[in-house]
Amino acid sequence: MESRILDDLNPAQREAAACIDGPLLIFAGAGTGKTRVITHRIAHLIYDIGIPPENILAVTFTNKAAGVMRERLVGLAEGSSHAAAAGRVFFATFHRFCAWLLRRHGEAVGIPKRFTIYDDADSLHVIRQILKSMNLESSIYRPAAIAAIIDRAKNDLRGPQDIEAAAEGPVEEKTAGIFVEYERRLRAAGALDFTDLLVFAVRLLESAEPVRKHLQEKFSYVLVDEYQDTNLAQYRLLRSLAAHGNLCVVGDDDQAIYSWRGADVRNILSFEKDFPAARVVKLEQNYRSTQGILDLAYRVIRNNRDRADKRLVTHLGPGDAPTVYAAADGYDEASFVSGRVRDLESDLPYNQMAVFFRMSAQSRLIEEEFLARGIPYVVVSGVGFYERREVKDLLAYLRVIANPADDAALERILNVPKRGIGDTSAAALAECARAAGVSQADMLNRLDQVGASAMVKKRLADLAHLLQELRRDAADRTIEETLRRTVAVTNYFDYLEKTDPPGFEERAANVQELYTVAQEFANRVGMAEGQPPLVAFIEELSLLTDADRADSSADRVSLMTLHAAKGQEFSAVFLIGLEEGSLPHASAFESDAELEEERRLCYVGITRAKRKLFLSHAYSRRIYGETRDDIRPSRFLEEAGVLEEARFQVVDTAAYRSFRRREAPERVSLNDDTIVRVPLDDDQAAFGVAPGDRIAHPHFGEGMLLRISGHAEDATATVKFDRAGRKRLKLAHAKLTRLS
């Protein structure tokens, strides 16, 4: 009998949703309705084929995406006898699934059931403490760079021994030792960082055959969204789970932009090699953008060699031609953007407009112009609700109540509110705990062993008593009640008012909002499959992603990096700073693979636009306090045919006319001694040197820094030394000193 569930799908969508058994690869181009296909396929499996919903696992990268899929599936069953079944499908992010798995079976690989999940801030705190205990300078051993090295190694399923084996100098050897101590401290605290969730889940599935077989039987159908963003750990996890072959992956290699986080586009491009029997379906009918926007995007992305060929089409017609603006300088560009926003505001709400840029520093001129013109805006990925000081303080109290071994949380609230426990006393407590091999909470009950004054010991004892009382009371209280009692007994509102009088009302409102979050969680989740409610609440908040935290309801223009734009859509998009060295970023010039990722980043930005697209570049910018007037337009504009005026609305500026009159200069050759002065990303700028600086190296002597490429631990400087000639050095280890 032909299914009516699939009736409203287009032919390609229907083909994908109707596939039942065996491996399936769905190439879903931007705006082609991949979420619709996934939910209809699940509905088809349940309602037409009769697959029990509890045997289906759908894995996503954000809780928001998982929630949307769940809602749509329930919507497909609304009014039928299948409505209850829809709620039994397991929708989860990779990290939430791994947390679920380790809560139940983690003891097989040494993980306690009540582990705490550390966020990035917690991890950095632990690393800083390790550096202090090892007497290592944070200016040389940068905590953020070390955290990135550790995270990348874990995503690649490598350990400290692998870093040590590949070490090329003492800094890398020390990093391996820091990694060892970092792992020891997390295990002692009963904690896992985000990537540990993946690592230990893989270790569990690959070493515990009974658990693996149980899960393979339980989840006989596995679906994965955004497969192009998976890393090695996620790849291995899926291979173990879906050994039965019923694996459906959905993704778009043209939108693979997270290699710096360990994602490997080869996972999706090699799917047919991994599963020779795989069926492949391409979704190319776009429902978001006009054809003019899609054609421009295709002209750019077709220049990538490592991609599956696909070309998007739409029924929405050609639409308005994309506008290209050649600005005289960055101020001119910002004025153009704000002027067009004003032109559009009578037809579009502000929250349907967005400005994209390659690096966060590029938002400054736009922000200043918007402020001057009274245009409301929000910088996406700013300080979110759960990153605010008062929220993190109270969540730290809850974490210590739930897991007394959580040293990172205890260190946060040791003197919050102020109770006269200074840094020296805190360090003494931490050192004694390490020497005794116990948690700091345990050490609070052995204060006779802590080298501190009688007054400080009394304060520490009072804190221990307070935490014990809160822990005892929490057993009989709701999460909201526990929060309210914590605020009351610590006089937390008084602390906020004393430490931040101007911001007190806003911070107090955030505390009230946290009460609401706790209340809503209790109404929605209840006992969370037998987990203590407090543990489940902490886990849910720990697993929130940036995308889950975003608020799109306010009527403001969104300003965001291209990486943050993934998964978004707006009626009008401004893509600024399309220049060589910015997009593509100079760090990608020496690598074909990185250059292709920059092109994919541009493609992602273009395909967020529904009706209006504005692309801009400037011929002059002020960079590092120096005015540059020889900036070249991005090669991506050239690939898109930006100079073919018949296809585009090119705003006629003096800068543009000047460009058309002169012969276009050659692009920068990285085999010469050209200094490439372009904005650095945050990781690169943190090293304190920039192209054009005279620098000194302990071994090679003095020289000129020509360019910086790569990100995080891979950031590399090309230097022409006066005597040693040209060298490429890893910034994390090179110990470069800026001379001028």
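Per chain, residue numbering runs from 1 following the sequence as it is written. A pLDDT threshold of at least 70 governs which residues receive local features in this predicted model, and a stricter bar of 80 or more applies before side-chain atom pairs are shown or counted, although totals over entire chains, interfaces and linings include all residues. Remark: hydrogens and water are excluded; side-chain values derive from all non-hydrogen atoms of the structure.

Turning our eyes to something else, we now look at the overall build of the protein chain. Helix and strand definitions here come from DSSP, where helices need a minimum of 4 consecutive H or I residues and strands a minimum of 2 consecutive E residues; each element is numbered from the N-terminal end. A tally of helices and strands in the protein chain yields 33 helices and 24 strands. Each residue gets one of three labels from its accessible area relative to the maximum for its type: buried under 20%, exposed over 50%, partly exposed in between, using a 1.4 Å probe on protein chains only. Looking at the protein chain as a whole, 56% of its 740 residues qualify as buried. Note that accessible areas follow from Shrake-Rupley with a 1.4 Å probe, and for residues the cover is restricted to the protein chains shown. Counting only carbon and sulfur atoms, one obtains 48% of the accessible surface of the protein chain, whose full area is about 31600 Å².

On the secondary structure map, Val 249 appears in strand S7 (residues 247–251). The contact criterion used is simple: two residues touch if any of their non-hydrogen atoms lie within 4.5 Å. With sequence-adjacent residues up to four places away left out, Val 249 is seen in contact with Leu 24, Leu 25, Ile 26, Val 224, Tyr 227 and Phe 271.

The packing of two helices is summarised by the inter-axis angle and the distance between the axes. Running from N to C, helix H6 (residues 120–133) and helix H7 (residues 143–155) point in directions that differ by 115°, and their axes come no closer than 9 Å. Judged by the inter-axis angle, H6 sits roughly perpendicular to H7. The way H6 lies across H7 gives a crossing that is right-handed. The segment H6 lies against H7, with Leu 124, Ile 127, Arg 128 and Leu 131 engaging Pro 143, Ala 144, Ile 146, Ala 147 and Ile 150. For every element, the axis is a line fit to its C-alpha atoms; helices are fit only across the contacting stretch, and the angle between N-to-C directions ranges from 0 to 180 degrees. Orientation is classified from the angle alone, with under 35 degrees giving roughly parallel, over 145 giving roughly antiparallel, 65 to 115 giving roughly perpendicular, and any other angle giving oblique. Helix crossings get a hand from a simple test, with the near helix turned counterclockwise from the far one by less than a right angle marking a left-handed crossing and a clockwise turn marking a right-handed one.

Attention now goes to the pairing of strand S14 (residues 557–561). Counting buried positions over the 5 residues of S14 gives 4, a clear majority of the element. Here 4 bridges tie strand S12 (residues 353–357) to S14, and the two strands are oriented parallel to one another. The residue bridging Ala 354 from the neighbouring strand is Ser 558, located in S14. Of the pairings in the sheet, the one linking strand S13 (residues 377–379) to S14 comprises 3 bridges and is parallel in character. In short, DSSP must find at least two bridges between two strands for them to pair.

Before going further, it helps to examine the pattern of salt bridges. By definition here, a salt bridge exists when the distance from a side-chain nitrogen of Lys or Arg to a carboxyl oxygen of Asp or Glu is within 4 Å. With the rule as written, the count across this model stands at 58 salt bridges. The residue Arg 187 makes a salt bridge to Asp 196 at a minimum N-O spacing of 2.9 Å. In this structure Arg 187 comes out as partly exposed when scored by relative accessible area, which is 28%. Between Arg 484 and Glu 480 there is a salt bridge, with its nearest N and O atoms 3.1 Å apart. Of this pair, Arg 484 and Glu 480 both sit in helix H23 (residues 479–489), 4 residues apart, which is roughly one turn of that helix. Take Arg 484: its relative accessible area is 38%, and that puts it in the partly exposed class. Each of Asp 252, Asp 253, Asp 254, Arg 307, Asp 309 and Lys 310 takes part in a single network of salt bridges with overlapping partners.

Below, the discussion takes up the sheet that holds strand S2 (residues 56–60). The strand order across the open sheet formed by 6 strands is S3-S2-S6-S7-S1-S8, and the pairing between neighbours is parallel. On the outer flanks of this sheet lie strand S3 (90–93) and strand S8 (279–283), each paired with one strand and no other. Shown here is a sheet whose adjacent strand axes are inclined to one another by a mean of 15°, direction ignored. With 4 bridges connecting them, S2 and S3 associate as parallel partners. Opposite Leu 57, over in S3, you have Phe 90 as the bridge partner.

An order of S23-S22-S21-S20-S24 is seen for the 5 strands of this open sheet, with the pairing classed as antiparallel. This sheet does not close on itself; its edge strands, each paired only once, are strand S23 (725–730) and strand S24 (737–738). When strand S20 (residues 694–697) meets strand S21 (residues 701–709), the two strands line up antiparallel, connected through 4 bridges. In the sheet register, Ile 695 faces S21, and the bridge partner there is Gly 703.

The term disulfide is used for any two cysteine sulfur atoms that are within 2.5 Å. Counted according to the given criterion, the structure contains 0 disulfides. Cys 248 supplies the cysteine sulfur nearest to Cys 19, a cysteine that is in no disulfide, at a spacing of 8.0 Å. Under the relative-accessibility criterion, Cys 19 is labelled buried at 4%.

Packing of helix H16 (residues 330–344) against helix H17 (residues 364–373) brings their axes to within 9 Å, and their N-to-C directions diverge by 50°. When the axes of H16 and H17 are compared, the pair comes out oblique. Between H16 and H17 lies a crossing whose hand is right-handed. On H17, the residues that touch Gly 330, Tyr 331, Ala 334, Ser 335, Val 337, Ser 338, Gly 339, Val 341 and Arg 342 of H16 are Arg 364, Leu 365, Ile 366, Glu 369, Phe 370 and Arg 373. Lys, Arg, Asp and Glu make up the charged group, whereas Ala, Val, Leu, Ile, Met, Phe, Trp, Tyr, Cys and Pro make up the nonpolar group; the residues left over, Gly among them, are polar. Residue composition of the contact of H16 with H17, grouped by class: 7 nonpolar, 4 polar and 4 charged.

The aromatic pairing rule takes the rings of Phe, Tyr and Trp, using the six-membered ring of Trp, and pairs them if the centres are within 6.5 Å, calling planes under 30 degrees apart stacked, those over 60 edge-to-face and the rest tilted. Counted under the stated rule, the structure contains 18 aromatic pairs. Arranged with centres 6.0 Å apart and planes meeting at 65°, the rings of Trp 100 and Phe 219 form a pair that is edge-to-face. Separated by 119 residues along the polypeptide, Trp 100 in helix H5 (residues 94–105) and Phe 219 in the loop between helix H11 (209–218) and strand S6 (221–224) bring together distant segments of the chain. Each of the two residues, Trp 100 as well as Phe 219, counts as buried. Note on geometry: a ring has a charge over it if NZ (lysine) or CZ (arginine) is within 6 Å of the ring centre and within 35 degrees of the ring normal. Looking at Arg 103, its charged tip hangs above the ring of Phe 115, at a distance of 3.8 Å from the centre. Positioned above the aromatic ring of Phe 200 is the side chain of Arg 203, whose terminal nitrogen or guanidinium carbon lies 4.6 Å from the ring centre.

What follows is about the side chain of Ser 620. One can find Ser 620 in the loop between strand S16 (609–618) and strand S17 (621–623). Residue classification places Ser 620 among the buried positions, given a relative accessible area of 15%. Those residues in contact with Ser 620 that lie beyond four places of it in its chain are Ala 328, Asp 329, Gly 330, Thr 627, Arg 628, Asp 629 and Ile 631.

Position of Val 573 relative to the elements: it lies in strand S15 (residues 570–575). In this structure the C-alpha to C-alpha distance between Val 573 and Ile 606, which are 33 residues apart in sequence, comes to 7.8 Å. The residues touching Val 573, leaving out its near neighbours within four places in the chain, are Ala 354, Phe 356, Gly 605, Arg 608, Ala 609, Lys 612, Leu 613 and Phe 614.

Right, let's talk about unusual backbone geometry for a bit. That bond from Val 416 to Pro 417 is cis: its omega, -5°, falls within 30 degrees of zero. Positionally, Pro 417 belongs in the loop between helix H19 (407–413) and helix H20 (423–436). For the bond from Leu 583 to Pro 584, the omega torsion is 10°, close enough to zero to count as cis. Tracing the backbone through its elements, the reader meets Pro 584 in the loop between S15 and helix H29 (592–606). Even without glycine at this site, Asn 491 takes up a positive phi of about 55°.

Owing to its 3.6 residues per turn, the α-helix brings residues three or four apart onto one side. Expected span of a helix, by definition, is 1.5 Å for each gap between consecutive residues, and there is one gap fewer than residues. Its 14 residues place the ends of H20 20 Å apart at the C-alpha level, agreeing with the 20 Å of an ideal helix rising 1.5 Å per residue. Residues Ser 425, Ala 428, Leu 429, Ala 430, Cys 432 and Ala 433 constitute the buried set of H20. The inward-facing, buried residues of H20 abut H19, helix H21 (440–443) and helix H22 (454–474). Taken from the residues just after H20, Gly 437 is the one with a positive phi, measuring 70°.

On to the confidence of the model for the protein chain. Any region with low pLDDT has predicted coordinates that should not be read closely. Looking at the protein chain, pLDDT values average 86 and 89% of them are 70 or higher. The pLDDT score gives, residue by residue, the confidence of the prediction method on a 0 to 100 scale. Within the protein chain, helix H31 (residues 654–661) has the poorest average pLDDT of any element, 45, and S15 the best, 97. Overall, residues 655–671 carries pLDDT values under 50, and its contacts beyond four positions in sequence, including any with other chains, amount to 34 contacts.

Most of helix H26 (residues 533–542) is tucked away: 8 of the 10 residues are buried. Regarding H26, the residues found buried are Leu 534, Val 535, Ala 536, Phe 537, Ile 538, Glu 539, Leu 541 and Ser 542.

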